[in-house]
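Close look at the chain arrangement
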Amino acid sequence: MKVLLIGQNYASVINSLSIGFDQIEGIKARAISLDRFTSHYNNYGNYFYKTVSSNKGRIPYFLSKFIGFIVFLYLLIWCDLVHVYFLPSDTESKKLEHLLINLFCRRKVVTFMGSEVRVPQIASMKNPYFSEAYSNPLYEYKTETLENSHRIQELYASDNYKLVIWDVESYIDSSLFNDIRIVPHASINSFKPEEITLDSSILVVHSPSAPIAKGTAIIKAAMEEVISNFPNVTFKILEGISNSEYQRYLAQSDILVDQMVWGGYGVAAQQAMEMGKIVCAYFNEDRKVLYGPNCPIVNITKETFFERIEELILQPGYMKKIKEASVRYYQDIHHPKQVANKMKSAYLSFFYGN
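Attention in this report is confined to the structure presented alongside it. What you are looking at is a predicted structure, and each value in this text was computed from that prediction instead of being measured.

Pairing within the open sheet is parallel, and its 7 strands lie in the order β3-β2-β1-β4-β5-β6-β7. At either end of the open sheet lies a strand with only one pairing partner, and these are β3 (49-50) and β7 (180-182). Strand direction decides the pairing type here: strand β4 (residues 81-85) and strand β5 (residues 108-110), joined by 3 bridges, are parallel. Of the residues in β5, the one forming a bridge with Val82 is Lys108. Here helix α14 (residues 336-351) sits on the sheet in contact with β1 (2-7), β4, β5, β6 (162-165) and β7, set at roughly 160 degrees to β6.

In structure tokens:
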């Protein structure tokens, strides 16, 4: 089965899935990006082709864009199936891309990552912390509305896309998509950490890619209390650095505080678990069912933050147990090979009746 991957490589999910497809039998995948900007926070190392960023100059960008469309047309003819990770807004020609996919491809799959389909009313009912963040004028994703979610879903449903998602099922309109597959997001670190010498110090890190949406202010305030009570604990904000630099800092840490608002965990948490780190995050009650009984993430709120972190600090054996469970969970749920096999099963069930 020949699969073309295109769309939003948020947190390197397309690149990681492509790596997974390379590790299993029965799938040949090619990833392409025609985006105007490609974030240095993401990894594109396994891409078949990507355009040069417009920051490099108009001529290099438009030349690479022209070549990119030739490659895109070639891959559309080559592939058996197109899997779109919601064509992003920085793709200037996304309407044309969408049109060409519909013209050339009969088998189409879409994955929504979160913000493009999140419905604030639903999120607020499930999550007591979301409303406060969303009402903040600086909230990063003000395009999250019921109307926008329905419009985007209807666009893909009307073009007969099949739907594969991970943790956004509560926002999906079942009247538009009645056949849905749940597949976790893949991730893999490009940096292999060295063995860390054990001592009494504890490093807690946080990556505020969206400070309001992740509750960075809450985390900073809570960590100030922790540090004032435990001098062996340090706290570092990881921002404005590349994906490889981020992984280097993460490798030196003990605990990642992922987020306190969205009610789930992201790919940053997956990267931390791969390294055997403890992940702390707030997630909704319905997420517990999705993540399963073996999920090692420490569920924290702003009310329980100090208590949960203190429990970890005072019990080194407990920390060690969670770190070991983190690696097992990552290997079972988010390793690219595992995700690729689940995605392959979804494709087969959608289009081949297997």
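Looking now at the packing of helix α2 (residues 58-78) against helix α3 (residues 94-104). Look at α2 against α3: their axes get within 10 Å of each other, and the N-to-C directions meet at 20 degrees. One way to sum up the angle between α2 and α3 is to call them roughly parallel. The element α2 and its partner α3 pack so that their crossing is right-handed. Of the residues in α3, those touching α2 at Lys65, Phe69, Phe72, Leu73, Leu76 and Ile77 are Leu96, Glu97, Leu100, Ile101 and Phe104.

For the structure on display, the rule yields 20 aromatic pairs. Centre to centre, the rings of Phe112 and Phe177 are 6.3 Å apart; their planes meet at 75 degrees, and the pair counts as edge-to-face. Taken together, the residues Phe112 in the loop between β5 and α4 (120-126) and Phe177 in the loop between β6 and β7 connect sequence positions 65 residues apart. Among the residues examined, Phe112 registers a relative accessible area of 1% and is labelled buried. In textbook terms, an aromatic cluster arises when at least three aromatic residues are bridged by ring pairs, as seen for Phe86, Phe112, Tyr156, Tyr161 and Phe177. One cation-aromatic arrangement involves Lys50 over Tyr44; the distance from NZ or CZ to the ring centre is 5.4 Å. Its guanidinium or amino end placed over the ring of Tyr134, Lys142 lies 4.7 Å from that ring's centre, counting from NZ or CZ.

Among the nonpolar cores identified, the biggest contains 41 residues, and Ile32, Phe72, Val82, Ile101, Phe112 and Tyr156 are the most heavily contacted of them. Among the elements that line this core, the one with the most residues is α2, at 6 residues. Grouped together as the second largest cluster of nonpolar side chains are 26 residues, Leu81, Met113, Ala340 and Ala346 included.

The rules behind these values
- Residues numbered from 1 in each chain as written.
- Predicted model: local features only at pLDDT ≥ 70, side-chain atom pairs only at ≥ 80, totals over all residues.
- Heavy atoms only, no water.
- Pairing = 2+ DSSP bridges.
- Helix = DSSP H or I, 4+ residues; strand = E, 2+ residues; numbered from the N terminus.
- Contact = heavy atoms within 4.5 Å.
- Axes fitted to C-alpha atoms, helices over the stretch in contact; angles between N-to-C directions.
- Parallel < 35°, antiparallel > 145°, perpendicular 65-115°, else oblique.
- Left-handed = near helix turned anticlockwise from the far one by under 90°.
- Phe/Tyr/Trp six-rings, centres within 6.5 Å; stacked < 30°, edge-to-face > 60°.
- Buried < 20%, exposed > 50% of the residue type's maximum accessible area, 1.4 Å probe, protein only.
- Lys NZ or Arg CZ within 6 Å of the ring centre and 35° of its normal.
- Core = buried A, V, L, I, M, F, W, Y, C linked by side-chain atoms within 4.5 Å.

Note that all results are geometric; they support no functional claim without further evidence.
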